[in-house]
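Structure at a glance
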Amino acid sequence: LAKTTQPISMDSYEGQEVNITCSHNNIATNDYITWYQQFPSQGPRFIIQGYKTKVTNEVASLFIPADRKSSTLSLPRVSLSDTAVYYCLVGALFSGGYNKLIFGAGTRLAVHP
Amino acid sequence: DAMVIQNPRYQVTQFGKPVTLSCSQTLNHNVMYWYQQKSSQAPKLLFHYYDKDFNNEADTPDNFQSRRPNTSFCFLDIRSPGLGDAAMYLCATSNSLATYEQYFGPGTRLTVT
């Protein structure tokens, strides 16, 4: 799995857009980028996954530049309930293979009133 | 409509006294995982079951065992808990090994006295 680097922590305020960037300089051709969210005292939750360009769902957007050496998770108009740890994971998706989640340190996002 | 259920949510055990944590799922997923998450750290995979096939991570201590009597249930047995085993234990499921989308339960917080 490609090594990832994320900021340890970020602070934001309610109503702002938050962008969390993950660096993965040695990403491989078959690698996908996956983000998880973990609220305090809960299990992680899958948020979004992408390979290139932009992916959007009801929770977040994921922006991946052409070189794929980084990715940005964008949370629109955060609320206090978005306070969580956000994990970026990079790994190949092989049909029929075993894709193991290896969590890094994650980014601890604190949203303030 | 809980999908991955862990009982109990909090468990206290004594040093050296065997303890069992349980996980059940309503998703009918083939794969079930157990993770250990220590305070302020990322989740770490202990092992997984693909149907009845058990796969241990290389660095999982022998003190940790698991049982999966049927598709819905999976148990984590800690044979002789030490103080260092105090952690949140997370159960997760997926419908395939070839996916990074796992569904996590709320976790069981284990305290060792």
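Treat the numbers as computed from the prediction; the structure is a model and nothing was measured. (Residues numbered from 1 in each chain as written. Chains lettered and ligands numbered in written order. Predicted model: local features only at pLDDT ≥ 70, side-chain atom pairs only at ≥ 80, totals over all residues. Heavy atoms only, no water.)

1. A closer look at the layout of surface pockets
Empty space among the atoms can be located by rolling a probe the size of a water molecule over them. Volume-wise, the largest pocket comes out at about 440 Å³. Taken together, 24 residues make up the lining of the largest pocket; nearest its centre are A:Val85, A:Arg108, B:Gln37, B:Ser40 and B:Gln41. At the level of secondary structure, the elements contributing two or more residues to the lining of the largest pocket comprise strand S8 (84–92) and strand S9 (107–112) of chain A. Among the elements that take part in the lining of the largest pocket, S9(A) stands out by supplying four residues, more than any other. Taken together, the residues of the lining of the largest pocket break down into 11 nonpolar, 10 polar and three charged. In this structure, the second largest pocket occupies an estimated 330 Å³ of space. At the level of elements, strand S4 (45–50) of chain A together with strand S10 (103–104) of chain B are the ones that each hand at least two residues to the lining of the second largest pocket. Its residues placed into classes, the lining of the second largest pocket shows eight nonpolar, four polar and two charged. (1 Å grid on protein atoms, 1.4 Å probe; cavity = no way out; pocket = protein on both sides within 12 Å on 5 of 7 lines; lining within 4 Å. Points joined across faces, edges and corners; volume = space filled by probe spheres on them. Helix = DSSP H or I, 4+ residues; strand = E, 2+ residues; numbered from the N terminus. Nonpolar A, V, L, I, M, F, W, Y, C, P; charged D, E, K, R; others polar.)

2. Thoughts on the side chain of B:Ser24
One can find B:Ser24 in strand S3 (residues 19–25). The contact partners of B:Ser24, leaving out residues within four places of it in the chain, are B:Met3, B:Val4, B:Ile5, B:Ser72 and B:Phe73. (Contact = heavy atoms within 4.5 Å.)

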